[in-house]
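These are the residues of each chain, in order.
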Amino acid sequence: LPTEAALSVSLSVAVGTLRKSLELLEHQNILERLQGSGTYVKKQEQKKRSHEMFRLELCTGPGLPTARILNVRKLKKPSAQVRLGNDASSHAWRVRRLRFINDTAIALEEIWFDAATCDALSAGDLDDSMYLFYQQRFGIWVARVEDQISVADAPAWAPSIWGVSAGTSAGFIERVSWATSNHVVEYSRTWFDPKVCRYSSR
């Protein structure tokens, strides 16, 4: 960042007020102040930022979430579900993946988003965090989500590595995610194993 003197002039604030603000940002781990060198914006860990809205954690405590893509397909929008994106496309991308925390398989996810955003997509294009993917690929920011939590049978496509057989009762999260423009960015369904993980809202 520019020097404190230059910042105080450009922002039209007193140096004392500016210093308090910089100290607060440093305390929040956003800035790093190096004696004799200057003030720098810290590079945040991508993993930490990208999973801020992820609500599942191990029963033993939090950990690092990752995902393994099972398949990516372009299909007709699920008519029974909420409206995705706009009416420019009748198709949506469906991503199915297995979620892990600290290498423990915890959940299955089925994620839908508007196909009008891109014509081609492969598993290699996706990030562990879909919200980060939407930001970087399409410039779309998720502003709010609504989760409905219940119990549902594990789907027929459940892989054996998950440890929960198809048709077995599992925790279930149905999520709708909205962009800052107030249109639906994503619809998802998540089946989780309550023996190893739990839903946590903070």
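The structure we're discussing is the one just above.
Residues numbered from 1 in each chain as written. Predicted model: local features only at pLDDT ≥ 70, side-chain atom pairs only at ≥ 80, totals over all residues. Heavy atoms only, no water.

Draft legend 1. The packing of helix α1 (residues 4-11) against helix α2 (residues 15-27), seen in detail. Running from amino to carboxyl end, α1 crosses α2 at an angle of 110 degrees, the nearest separation of the two axes being 9 Å. By the angle between their axes, α1 is roughly perpendicular relative to α2. Here Glu4, Leu7, Ser8 and Leu11 of α1 lie close against α2, whose contacting residues are Val15, Leu18, Arg19 and Leu22. Looking at the contact of α1 with α2, its residues break down into five nonpolar, one polar and two charged. (Axes fitted to C-alpha atoms, helices over the stretch in contact; angles between N-to-C directions. Helix = DSSP H or I, 4+ residues; strand = E, 2+ residues; numbered from the N terminus. Parallel < 35°, antiparallel > 145°, perpendicular 65-115°, else oblique. Contact = heavy atoms within 4.5 Å. Nonpolar A, V, L, I, M, F, W, Y, C, P; charged D, E, K, R; others polar.)

Draft legend 2. Layout of unusual backbone geometry. Here the phi dihedral of Ser12 falls at roughly 55 degrees; this positive angle occurs in a residue that is not glycine. Here Ser12 lies in the loop between α1 and α2. Note on Ser12: relative accessible area 66%, which makes it exposed. (Buried < 20%, exposed > 50% of the residue type's maximum accessible area, 1.4 Å probe, protein only.)

Draft legend 3. The environment of Pro78, seen in detail. By the element assignment, Pro78 lies in the loop between β4 (65-76) and β5 (91-101). Taking relative accessible area as the criterion, Pro78 reaches 18% and is therefore assigned buried. Along the sequence, Pro78 and His91 sit 13 residues apart, while their C-alpha atoms lie 8.6 Å from each other. What Pro78 contacts, discounting residues up to four positions off in sequence, is Leu84 and Trp112.

Draft legend 4. Representation of the sheet that holds β4 in the model. Strand order in this open sheet of six strands is β4-β5-β6-β9-β8-β7, and the pairing throughout is antiparallel. Looking at strand neighbours, the two that pair on one side only are β4 and β7 (142-153), the edges of this open sheet. Strand-to-strand twist in this sheet, taken as the mean axis angle between neighbours without regard to direction, amounts to 20 degrees. Looking at chain direction, β5 and strand β6 (residues 104-114) are connected through 10 bridges and run antiparallel. What sits directly across from Phe100, in β6, is Ala105. Strand contacts of helix α4 (residues 130-138): β5, β6, β7, β8 (169-179) and β9 (184-192), with the helix running at about 35 degrees to β6, the strand carrying the most contacts. (Pairing = 2+ DSSP bridges.)

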